[in-house]
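Coordinate analysis (summary)
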Amino acid sequence: MDLAKMTALGLQGQSISREDALAVLRSNDDELMPLVAAASRVRRRFFGNRVKLNYLVNLKSGLCPEDCTYCSQRLGSSADVLKYSWASPDEIGRAVEAGLAGGAKRVCLVASGHGPSERDVNRVNGIVEGIKSAHPGTEICVCLGFVDDDKAQSLHDHGADAYNHNLNTAESHYGEVCTTHTYEQRRATLDALKAAGLSPCSGIITGMGETDEELVDVVFALREAGVRSVPVNFLLPFDGTPLAGHDELTPQRCLRVLAMVRLVHPDAEVRAGAGREEHLRTQQSLALQMVNSIFLGDYLTSEGQSGAADLQLIADCGLVVEGSEGDAPREPATSVPIRRRGVGTDVLANA
Ligand code: SF4
């Protein structure tokens with residue numbers, strides 16, 4: 001593993017090769033700290049000491065007709081998660097305020113389901129306009145499932161900045177994790193987002209039985225798709241889903257995955273997503289040296305660590321919250337989920 005060569009490429013914004021990406025995933029423990037240091041240099045080249053905070057607002061939960069095996073909201077799931085159709089404007093407003101008070105720069109508006117109807121798009125457009133009007137500097141990312149060109153354009157025209165639609169896993173592995181839609185459908189949605197001018201946010205879930213080659217495939221596919229934000233989720237194998245009990249991740253493996261993603265996407269926002277706390281555990285501080293973005297507080301249907309703990313972690317790493325002008329991070333607000341989340345599951349892999 002030639003870390004000097006990989007670092008030099010990264011500092012120029014260029015990806016390492018597929019062979020080197022595989023070598024990163026297969027590196028041994030003696031090489032782990034030098035690997036983290038290399039990925040950290042690249043991270044600092046493009047993002048300095050800043051960490052972007054993202055805050056999830058769950059507009060609609062559960063009741064999905066799709067069968068993604070990793071998801072607590074899937075068809076037939078018996079996972080103990082809340083199910084509701086569209087939160088009220090007051091609930092949404094309170095959640096947004098809590099996230100922004102905690103230092104979030106981006107608000108992620110998420111709804112379960114295959115994709116939005118035109119009425120749903122109009123509803124979300126109104127929510128986006130309301131947030132933009134009250135908080136003009138806030139970035140808004142929406143995650144509503146499959147959208148066509150017209151729906152993507154409408155969301156963009158009403159103020160949405162970005163759209164999350166994860167590829168999740170390699171094309172060759174996709175049939176193992178979902179039968180109700182295809183990888184190609186997800187890939188086509190990314191094209192619609194880009195055509196509409198929405199910044200494409202798309203990432204992965206690792207720990208679902210994929211091979212190293214498949215993991216490298218999907219990370220390179222994201223690069224080829226031109227995504228600017230890459231959430232890296234670590235499988236939360238909750239009861240009531242087909243992947244319940246599936247446990248293949250270690251903190252060291254998670255660090256290698258993050259290093260590989262950073263070295264393939266040197267200048268993209270790389271985010272440690274759901275499962276960060278459970279799988280990285282005491283190694284979260286090393287992960288923050290490679291990623292430049294995290295979710296603040298809770299996830300869609302699972303609880304993260306508190307917003308206060310996230311801010312302490314950032315400060316302990318010698319990093320600063322993006323938008324805080326290098327000042328001490330703001331006082332954390334108490335995390336305010338729209339409704340109390342159960343011991344649920346989803347890994348922000350919403351379509
Ligand atoms: S990931 Fe999205 S599409 Fe798949 S089951 Fe969950 S909510 Fe539905």
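Look up: the structure comes first, before these words.
The text that follows walks through the structure, step by step, so that each part is easy to find. (Residues numbered from 1 in each chain as written. Predicted model: local features only at pLDDT ≥ 70, side-chain atom pairs only at ≥ 80, totals over all residues. Heavy atoms only, no water.)

Observations concerning the overall build of the chain
- Each helix and strand counted, the chain has 13 helices and 10 strands in total.
- Dimensions of the chain, computed from C-alpha atoms along their principal axes, come out at roughly 55 × 45 × 40 Å.
- Sorting the 351 residues of the chain into buried and exposed places 60% on the buried side.
- Within the chain, contacts between residues separated by at least 24 positions form 79% of all contacts whose residues are at least 6 apart in sequence.
- With the model as given, the accessible surface of the chain reaches about 12,700 Å², and the carbon-plus-sulfur share is 48%.
- Within the chain, the 47 negative side-chain charges are centred at a point lying 3 Å from the centre of the 34 positive side-chain charges. (Helix = DSSP H or I, 4+ residues; strand = E, 2+ residues; numbered from the N terminus. Buried < 20%, exposed > 50% of the residue type's maximum accessible area, 1.4 Å probe, protein only. Contact = heavy atoms within 4.5 Å. Areas by Shrake-Rupley, 256 points an atom, 1.4 Å probe, with all protein chains shown as cover. Lys, Arg positive; Asp, Glu negative; His and termini not counted. Charge placed at Lys NZ, Arg CZ, Asp CG, Glu CD.)

Points about the side chain of Arg-187
- Looking at the secondary structure, you find Arg-187 in helix H8 (residues 183–196).
- Owing to a relative accessible area of 19%, Arg-187 belongs among the buried residues under this scheme.
- In terms of polar contacts, Arg-187 uses its side chain to reach the side chain of Asp-191, at 2.9 Å.
- With near-sequence residues (within four places) excluded, Arg-187 lies in contact with Leu-167, Glu-224 and Ala-225. (Polar contact = N/O pair within 3.5 Å; in protein donor to acceptor, adjacent residues only side chain to side chain.)

Here's the deal with the pattern of salt bridges
- Taken as a whole and judged by the stated rule, the model has 15 salt bridges.
- A salt bridge links Arg-228 to Asp-267; the nearest nitrogen and oxygen atoms lie 3.7 Å apart. With Arg-228 in the loop between helix H9 (212–224) and strand S7 (229–234) and Asp-267 in the loop between helix H10 (251–264) and strand S8 (269–272), this pair connects stretches of sequence that are 39 residues apart.
- When its relative accessible area of 39% is taken as the criterion, Arg-228 is described as partly exposed.
- Taken together, the shared-partner salt bridges in this structure form one network comprising Lys-52, Arg-106, Glu-139, Glu-269 and Arg-271. (Salt bridge = Lys/Arg side-chain N within 4 Å of Asp/Glu carboxyl O.)

Describing the nonpolar core
- In this structure, Tyr-70, Leu-109 and Val-142 are the most contacted members of the largest nonpolar core, which totals 99 residues.
- Among the elements that make up this core, the one with the highest residue count is H10 (nine residues).
- Setting aside its immediate chain neighbours within four residues, Leu-109 contacts Val-57, Leu-59, Ile-127, Val-128, Ile-131, Ile-140, Cys-141, Val-142, Cys-143 and Leu-144.
- The next biggest cluster of nonpolar side chains, apart from the first, holds eight residues, and it includes Cys-108, Val-110, Ala-162 and Phe-295. (Core = buried A, V, L, I, M, F, W, Y, C linked by side-chain atoms within 4.5 Å.)

A few points about H9
- Compared with an ideal rise of 1.5 Å per residue, which puts 13 residues at 18 Å, H9 spans 18 Å between its outermost C-alpha atoms and is within 8% of the ideal.
- Burial in H9 covers these residues: Asp-212, Glu-214, Leu-215, Val-216, Val-218, Val-219, Phe-220, Ala-221 and Leu-222.
- Lining the buried residues of H9 we find helix H2 (18–25), helix H7 (171–177), H8, strand S6 (204–206), S7 and H10.
- With its phi angle positive at about 75°, Gly-226 sits one or two positions after the end of H9. (Expected span 1.5 Å × (residues − 1).)

Section: the pairing of S8
- The alternating pattern of S8 places Glu-269 and Arg-271 on one face and Val-270 and Ala-272 on the opposite face, and all of these are buried.
- Looking at chain direction, S7 and S8 are connected through four bridges and run parallel. The partner of Ser-229 across the bridge, within S8, is Glu-269.
- For the segment spanning S7, H10 and S8, crossover handedness is right-handed.
- As paired strands, S8 and strand S9 (residues 293–295) are joined by two bridges and run parallel to one another. By the bridge assignment, Ala-272 is partnered in S9 with Ile-294. (Pairing = 2+ DSSP bridges. Right-handed = clockwise from strand over helix to strand, strands pointing away.)

Some remarks on helix H5 (residues 118–134)
- For H5, spanning 17 residues, the distance from its first C-alpha to its last is 25 Å, which sits close to the expected 24 Å at 1.5 Å a residue.
- Along H5, the residues classified as buried are Asp-120, Val-121, Val-124, Asn-125, Ile-127, Val-128 and Ile-131. Along H5, the residues classed as buried sweep out an arc of 165° about the axis, all on the same side. For H5, exposure combined with an orientation more than 90 degrees from the buried face picks out Glu-118, Arg-119, Asn-122, Ser-133 and Ala-134.
- Each element contacted by the buried residues of H5 is listed here: strand S1 (50–60), helix H4 (89–101), strand S2 (106–111), strand S3 (139–143) and helix H6 (149–157). (Arc of directions from axis to C-beta.)

A word on a negative patch on the surface
- A surface patch of like charges, here negative, comprises Glu-118, Asp-148, Asp-149 and Asp-150.
- Structurally, the position occupied by Asp-148 is in the loop between S3 and H6.
- Its relative accessible area of 40% is what places Asp-148 among the partly exposed residues. (Patch = residues over 30% accessible without salt bridge, like charges linked within 9 Å, V, L, I, M, F, W, Y side chains within 5 Å.)

Overview of the environment of Tyr-183
- Examined against the element boundaries, Tyr-183 turns out to sit in helix H8.
- Taking C-alpha positions, Tyr-183 is 8.4 Å from Thr-169, a pair spaced 14 residues apart along the chain.
- Excluding anything up to four places from it in sequence, Tyr-183 contacts Leu-167, Thr-169, Ala-170, Glu-171, Tyr-174 and Ala-221.

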